[in-house]
Amino acid sequence: MYKIENHKVSDAARVDSHLDEAGYHKLYKQSIEEPDTFWAEQAERFLTWDKPWSKVHESDMSKGEAAWFIDGKLNVSVNCIDRHLDKRGDQTAIIWEGDEPSDSKNISYRELHEHVCRLANVLRARGVKKGDRVCLYMPMIPEAAYAMLACSRIGAVHSVVFGGFSPDALRDRINDSDCQAVITADEGVRGGKRVPLKQNVEKALKECPNVHTVVTVKRTGGDVEWHEHRDIWYHEACAAVSTDCPPEAMDSEDPLFILYTSGSTGKPKGVLHTTGGYLLGSAMTHHYVFDYHDGEVYWCTADVGWITGHSYIVYGPLCNGATTLMFEGVPTYPDASRCWDIVDKHKVNIFYTAPTAIRALMAQGNELVTKTSRASLRLLGSVGEPINPEAWEWYYHVVGEMRCPIVDTWWQTETGAIMITPLPGATDLKPGSATRPFFGVEPALVDPEGNELEGVASGNLIIKRSWPSQIRTVYGDHQRLIDTYFSAYKGVYFTGDGARRDEDGYYWITGRVDDVLNVSGHRIGTAEVESALVLHDSVAEAAVVGCPHDIKGQCIYAYVMPMRGITPSDELVKELKAFVAEQVGSFAKPDFVQWTPGLPKTRSGKIMRRVLRKIACDELDTLGDTSTLADPAVVDELVANRLNRA
Ligand code: 6R9
């Protein structure tokens with residue numbers, strides 16, 4: 001177990017970081033006090049415009065309306081590729097690492113340009129034009145990035161659907177945004193297994209009457225169903241067209257993409273992002289948060305099917321002329337050293353991943369990490385959920401050898417870019433805290449009635465003013481945008497997360513507010529109890545939910561996955577309860593501790609709390625849809641061994 005202490009900037013960050021503490025405060029102050037000047041300067045610095053804007057920004061948060069760089073014109077693919085060609089034509093834009101360790105390649109900016117222009121011409125030739133929606137259902141291969149950029153080149157709006165979604169989920173997303181073309185691959189490859197993408201597309205398209213074109217990348221050469229007039233092979237079609245493709249001049253507020261949020265409840269929401277503000281948000285945060293310096297190799301382990309892959313594999317890094325690594329496989333194949341082997345192979349400097357991956361690797365033991373060099377690493381990042389201090393310390397000490405600052409970045413699909421985060425060189429770190437707002441972000445905490453809380457406080461996290469990369473609408477349902485994000489509290493954006501602000505003004509995200517428990521009048525973040533549990537040496541991962549309790553209001557039900565080699569026992573349960581009481585307080589002691597070999601997770605790695613809550617409450621007939629789970633069999637196991645039976 002590591003001692004949890006605050007980490008001074010000087011401990012780790014590079015000496016020539018873009019900003020120091022004073023630099024952060026100066027820019028932050030300007031971003032809040034003179035926003036138009038600030039954002040105009042940044043938009044000029046980070047982006048290349050075909051035509052300047054007439055007005056920096058206009059918004060009405062009560063209606064969920066925002067517009068940035070009004071009347072400005074630019075093209076995203078030009079910003080991510082063409083403008084780099086003079087200086088960086090031969091520089092690697094994308095390092096692709098395949099599922100098998102023997103399989104990798106580098107794509108230069110010049111090659112990227114050629115691939116993107118060809119595919120853009122293919123789409124144009126099939127009648128896809130500005131404003132049309134194109135669905136991407138792709139594995140993690142370079143063609144996924146080409147496809148996103150090709151759409152942006154011709155002004156088509158892409159909707160990437162994660163390759164792990166089922167045919168039904170794909171069908172619903174295609175139809176919701178009325179996509180007329182689909183780009184896919186014959187099969188994907190992950191962890192040595194094949195994923196039948198084209199076959200899934202066939203199943204989905206049985207009920208998608210408006211799709212006229214399917215472009216298929218040949219990844220494995222596996223058998224596929226073929227429809228003469230609708231289907232074209234990527235390699236054949238691209239070989240037959242020109243490498244010259246004039247870009248479409250896009251308005252700053254023209255849509256860039258739609259991305260459906262992982263629907264734990266209700267119909268998925270098509271989050272719509274636009275051109276100028278989104279690109280500025282992703283590029284600027286990539287530069288400052290990862291302290292990116294020319295020539296560095298940067299790796300974000302997300303899938304392009306999620307917002308993190310959009311902003312921090314493709315758009316942010318490429319807009320900055322960076323070298324971005326794209327990994328097809330999984331962190332545990334061929335073994336749990338894979339990430340560190342990749343770091344050594346490609347001399348990765350910056351590594352950005354999710355706490356769930358960190359905990360999974362941590363459970364495999366230090367040896368798999370320490371046998372690798374990792375000498376190139378200088379910065380680590382975390383995203384997707386609160387990172388428990390135990391995992392943070394392990395990441396810091398074992399992976400980063402106390403040399404690499406950790407940026408714990410809080411943001412959402414809806415925010416487009418990182419919102420609350422440390423900046424290396426400028427921010428002292430506290431394990432588990434996302435620390436301070438990024439430029440132009442004005443967070444606040446409110447009580448349930450909407451009263452703003454001052455100073456040290458816990459409450460619901462809101463954002464008080466518009467920022468460039470904010471969600472513009474829920475595709476086809478603007479009212480849903482207003483109802484979900486702009487109605488709970490008047491005139492501000494409601495994040496759905498709870499947070500605490502400490503004496504240094506640092507934010508600690510406690511998780512979704514629907515996950516906050518109230519036990520005997522004590523508010524307890526499930527994340528707090530989980531952090532305590534995973535601090536115990538025997539625990540690899542834990543998920544905590546609430547269930548109704550006659551006397552206490554709610555009681556605490558914990559699902560616990562033991563570390564490898566640990567045998568669960570009643571004694572250990574007692575020890576864990578006492579341990580939590582010690583860490584958090586006796587009010588936070590779990591009433592139930594159920595051992596489990598795994599937790600039900602969505603394919604993006606989020607724990608499906610809705611399902612866990614139902615099992616904990618013994619409400620099995622309303623378990624709901626478990627089809628979006630990565631491994632639905634886990635649920636059967638949990639049900640069979642549940643502890644709280646009526
Ligand atoms: C980028 C992304 C958004 C939700 C968000 C919050 C949780 C993300 C976090 C974090 C604590 C962090 N979240 N980053 N919680 N600390 N650093 O993950 O987008 O998939 O839309 O999820 O994830 O609860 O509201 P998305």
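As the structure is a computational prediction, the values presented were derived from the model and not from experiment.

Thresholds, definitions, all that
- All residue numbers here refer to positions counted from 1 along the written sequence of the relevant chain.
- Note on the predicted model: pLDDT of at least 70 is required for a residue's local features to be given, and 80 or more for side-chain atom pairs to be given and counted; whole-chain, interface and lining totals, by contrast, use all residues.
- Hydrogens and water are ignored here; the side-chain numbers use all heavy atoms of the structure.
- Here a residue is considered near a molecule or strand provided that any single heavy atom belonging to it is located within 4 Å of it.
- Under this definition, polar contacts are N or O atom pairs within 3.5 Å; protein pairs additionally need one hydrogen-donor-capable and one acceptor-capable atom, and for neighbouring residues in sequence, both atoms have to be side-chain atoms.
- Note on areas: these come from Shrake-Rupley sampling with a 1.4 Å probe, and a residue is covered only by the protein chains present in the view.
- Under the scheme used here, helices are H or I runs from DSSP no shorter than 4 residues and strands are E runs no shorter than 2 residues, and both carry numbers assigned from the N terminus.
- Amino acid classes used here: Ala, Val, Leu, Ile, Met, Phe, Trp, Tyr, Cys and Pro are nonpolar; Asp, Glu, Lys and Arg are charged; the rest, including Gly, are polar.
- Only strands that DSSP links by at least two bridges are regarded as paired with each other.
- The term nonpolar core refers to a set of buried residues drawn from Ala, Val, Leu, Ile, Met, Phe, Trp, Tyr and Cys, joined through side-chain atoms within 4.5 Å.
- For the exposure calls, accessible area comes from a 1.4 Å probe over protein chains only, and a residue counts as buried if that area is under 20% of its type's maximum, exposed if over 50%, partly exposed in between.

### Points about the site of the ligand
In the region of the ligand, 16 residues are neighbours, and Asp408, Thr409, Thr413, Asp497 and Arg512 sit closest. Proline 386 places a main-chain nitrogen or oxygen 3.4 Å from a nitrogen atom of the ligand. Glutamine 412 places a polar side-chain atom, nitrogen or oxygen, 2.9 Å from an oxygen atom of the ligand. Relative to its free-state accessible area of 530 Å², the ligand is covered by the protein chains to the extent of 90%. Going through the elements one at a time, α12 (307–319), β20 (406–409) and β26 (507–512) are the ones with two or more residues in the shell around the ligand. Residues that form the shell around the ligand fall into these classes: six nonpolar, five polar and five charged.

### Brief notes about the sheet that holds β26
Either a parallel or an antiparallel arrangement is found when strands of a sheet pair, and the pairing is made through backbone hydrogen bonds. Pairing is antiparallel in the open sheet, where five strands are placed in the order β22-β21-β23-β25-β26. Among the strands making up the open sheet, the edge pair consists of β22 (452–453) and β26. As paired elements, strand β23 (residues 457–463) and strand β25 (residues 493–501) share six bridges and run antiparallel to each other. Along β25, the bridge assignment pairs isoleucine 463 with tyrosine 493.

### Concerning the nonpolar core
Within the largest apolar cluster, 137 residues are counted, with the highest numbers of intra-cluster contacts made by Leu112, Leu119, Phe290, Tyr315 and Phe439. Residue contributions to this core peak at nine residues, all from helix α7 (residues 142–154).

### Section: the side chain of histidine 293
Mapped onto the secondary structure, histidine 293 falls in the loop between α11 (276–289) and β16 (297–300). From its side chain, histidine 293 meets the backbone oxygen of aspartate 16 in a polar contact 3.0 Å long.

Function cannot be inferred from these measures alone, as they are strictly geometric.
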